[in-house]
Structures are given as C-alpha cells and as structure tokens.
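# Examining the three-dimensional arrangement
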Amino acid sequence: MASNDQVTVELWRGDGKEGQFVEYKVDAMEGEVVLDVVHRIQATHANDLAVRWNCKAGKCGSCSAEINGKPSLMCMTRMSTFEPGTTITISPMKTFPVIKDLVTDVSFNYEVAKKVPSLKIAPPGEDGVRRMYQKDIDRLQEYRKCIECFLCQNVCHVIRDHEENKKAFAGPRFFLRFAEMAMHPLNTEDVRTAAKDEGGIGFCNITKCCTEVCPEHIKITDNAIIPMKERVADVHYDPIRWIGRKIRGKK
C-alpha cells in the first residue's frame, strides 16, 4: 500500500432525533483495522465524533457497528478485506436507540439480563464434594465465550424490525444464558418456563443470523436455541405431559 493512498469513509453522524452520513477521506496505512481509521478521522477531521471502544482486541465487545451494512466489531474488521477505492460506510447498530454518532443505548440488554433466573447450585454430596462430568463443562464453556458485543441482538429481526417485541423477547444473547442454566449439571432451577414466558423463545424462528455475526463463533442457534426450544416443548407441549398436568390440576 502506497503512502499516498487514501480511504473514503462515510460515517453516520447525528443523535437520536436526526443524522446523516458524512464523507471523510484519510490516509490509508498498512495493517490497520476499521477502528484505526475511525480514530484517525476523530483525531484529524471530527474531534467531536462519538465512538465506543476499549480493548481493541475483540474481547470487550464495545466497538460494535454496522460496516457496509454488516454488524461487526470495528477492531476485528481489517481494512485489507475491502477492495482498493471502495467507499466504506460505518453506521451505529440499528436495533438500539442512537445516543450520538456510532454510540447506541444498549441498556435494553441489561434490563433483559435481570429477568434471567439465577443459578441455584445443588448441595454437595455426603462426602462434601460436588461432581460434574468434563463433557458437561465443555458444553457450558462455549456459552461463556460471549463478550456481550450484542451483535446477535442487533441482527435478530424479531427485535430489529419490531420494536414492540422487545417487551416479550430476550434475544439470542440471553438464550445462551437460559441454555447454560438448563444444561448446568448442578443447577436445581428449572428455567424452561422462564425461557418461554419471560424470554419469549417461541418467537425465534432459527434463521441463524445471530450465529453468523458472532465474533466468538458461538453456535448460538444449534447449540443453545434449538436445544432450549426442545426442552420448552417437552415440558409445555408434549401431549402426555399436558394430560398429566391437567390430571394434577396444574397449568
């Protein structure tokens, strides 16, 4: 890459009421990521540009944005992936209210987190030890890789295209939490009803868009949502269980 090369970026500038894309041209440098370019724009052209970031290593989840329409982490999107001369558009996550420029209000996710039941660990055995199989722990470790970038929440069309669904739909990030609870070998709390009633897992039609954008490559759909849906169906929609609940006078 020559030292006199430039990159053209269209950045969304505005707040929750109004905004527009503004074009910037800055010098291109070899080995950079999109966040580097945004920082250079901030330093040389737009000192008041609002952008959220922290680790610049793909582990904090702070710099989520939409790059050429694709929800991505700016710190993990290399400039070398774009064709020379391509105009790069950078906009805030669409699903959440804009605070300023690229910064969105993701507090919805923290409110949802409050609805997820807490882990209730079974008491130790007679020898004072709690035992788990390693294969069970390995399955749970995948869920723990989540960095809460909320890209999966952003791309989920159930809440992206329908604001009214946010009251009843937890979203893929929190279906990971429900799945972790349901599959934890020492958990005594049955979260299947909560996943249905509080989480609204029935709204999910498993399009796998959440899995496609996950920077940690968590198989959200296959390893969390589908198994959780099966568990919910077992307890609430299995005809034998339904008859049993009616006999016992339960809903």
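First, a word on what this report is: a plain description of the structure on this page.

Looking now at the overall build of the protein chain. Secondary structure assignment for the protein chain yields 10 helices and 7 strands. Dimensions of the protein chain along its principal axes, counting C-alpha atoms only, are 75 × 40 × 30 Å. Burial analysis of the protein chain (251 residues in total) assigns 46% to the buried set. Relative to all contacts within the protein chain whose residues are 6 or more apart in sequence, the contacts with residues 24 or more apart total 61%. On the protein chain, roughly 13900 Å² of surface is accessible, and the fraction owed to carbon and sulfur atoms is 50%.

Working note: α-helix, 3.6 residues per turn, so residues spaced by three or four point in the same direction. Spanning 12 residues, helix H6 (residues 172-183) covers 16 Å between terminal C-alpha atoms, matching the ideal 16 Å at 1.5 Å per step. Counting buried positions along H6 gives 10 out of 12 residues, so the element sits mostly inside the fold. For H6, the complete set of buried residues consists of Pro172, Arg173, Phe174, Phe175, Leu176, Phe178, Ala179, Glu180, Met181 and Met183. Packed against the buried residues of H6 are helix H2 (107-113), helix H3 (134-144), helix H4 (151-155), helix H7 (192-197), helix H8 (209-213) and helix H9 (220-236).

This part is about the side chain of Glu32. Relative to the helices and strands, Glu32 is located in the loop between strand E2 (19-27) and helix H1 (34-44). Residues contacting Glu32, with those up to four places away along its chain left out, are Val37, Arg40, Arg78 and Met79.

Turning to H3, a few remarks are in order. When H3 is considered as a whole, its buried residues turn out to be Asp136, Ile137, Leu140, Glu142 and Tyr143. In this structure, the buried side of H3 is in contact with H6 and H9.

Turning to the pattern of salt bridges, a few remarks are in order. Enumeration over the complete set of coordinates arrives at 17 salt bridges. Taking the shortest distance from any N to any O, the salt bridge between Arg160 and Glu66 comes out at 2.9 Å. Within this pair, whereas Arg160 is found in helix H5 (residues 157-160), its partner Glu66 is found in strand E3 (residues 64-67), the two being separated by 94 residues in sequence. For Lys166, the salt bridge is made with Glu163, and the minimal N-O distance between the two is 3.3 Å.

Taken together, 5 strands build an open sheet; the order of strands is E2-E1-E5-E3-E4 and the sheet is mixed. The open sheet terminates on both sides in strands that have one partner only, identified here as E2 and strand E4 (70-73). Direction aside, neighbouring strands of the sheet carry axes that sit 35 degrees apart on average. Sheet strands touched by H1: strand E1 (6-14), E2, E3 and strand E5 (88-91). Its angle to E2, the strand with the most contacts, is close to 95 degrees.

Note on placement: Pro185 falls in the loop between H6 and H7. A residue is classified by how much of its surface remains accessible, and Pro185, at 35% relative accessible area, is partly exposed. Put simply, Pro185 and Ile121 are 64 residues apart on the chain and 9.0 Å apart in space, counted from C-alpha to C-alpha. In this structure, Pro185 is in contact with Met132, Asp136 and Leu140, ignoring residues within four places of it in sequence.

So, how was this worked out
- Residues numbered from 1 in each chain as written.
- Predicted model: local features only at pLDDT ≥ 70, side-chain atom pairs only at ≥ 80, totals over all residues.
- Heavy atoms only, no water.
- Helix = DSSP H or I, 4+ residues; strand = E, 2+ residues; numbered from the N terminus.
- Buried < 20%, exposed > 50% of the residue type's maximum accessible area, 1.4 Å probe, protein only.
- Contact = heavy atoms within 4.5 Å.
- Areas by Shrake-Rupley, 256 points an atom, 1.4 Å probe, with all protein chains shown as cover.
- Expected span 1.5 Å × (residues − 1).
- Salt bridge = Lys/Arg side-chain N within 4 Å of Asp/Glu carboxyl O.
- Pairing = 2+ DSSP bridges.
- Axes fitted to C-alpha atoms, helices over the stretch in contact; angles between N-to-C directions.

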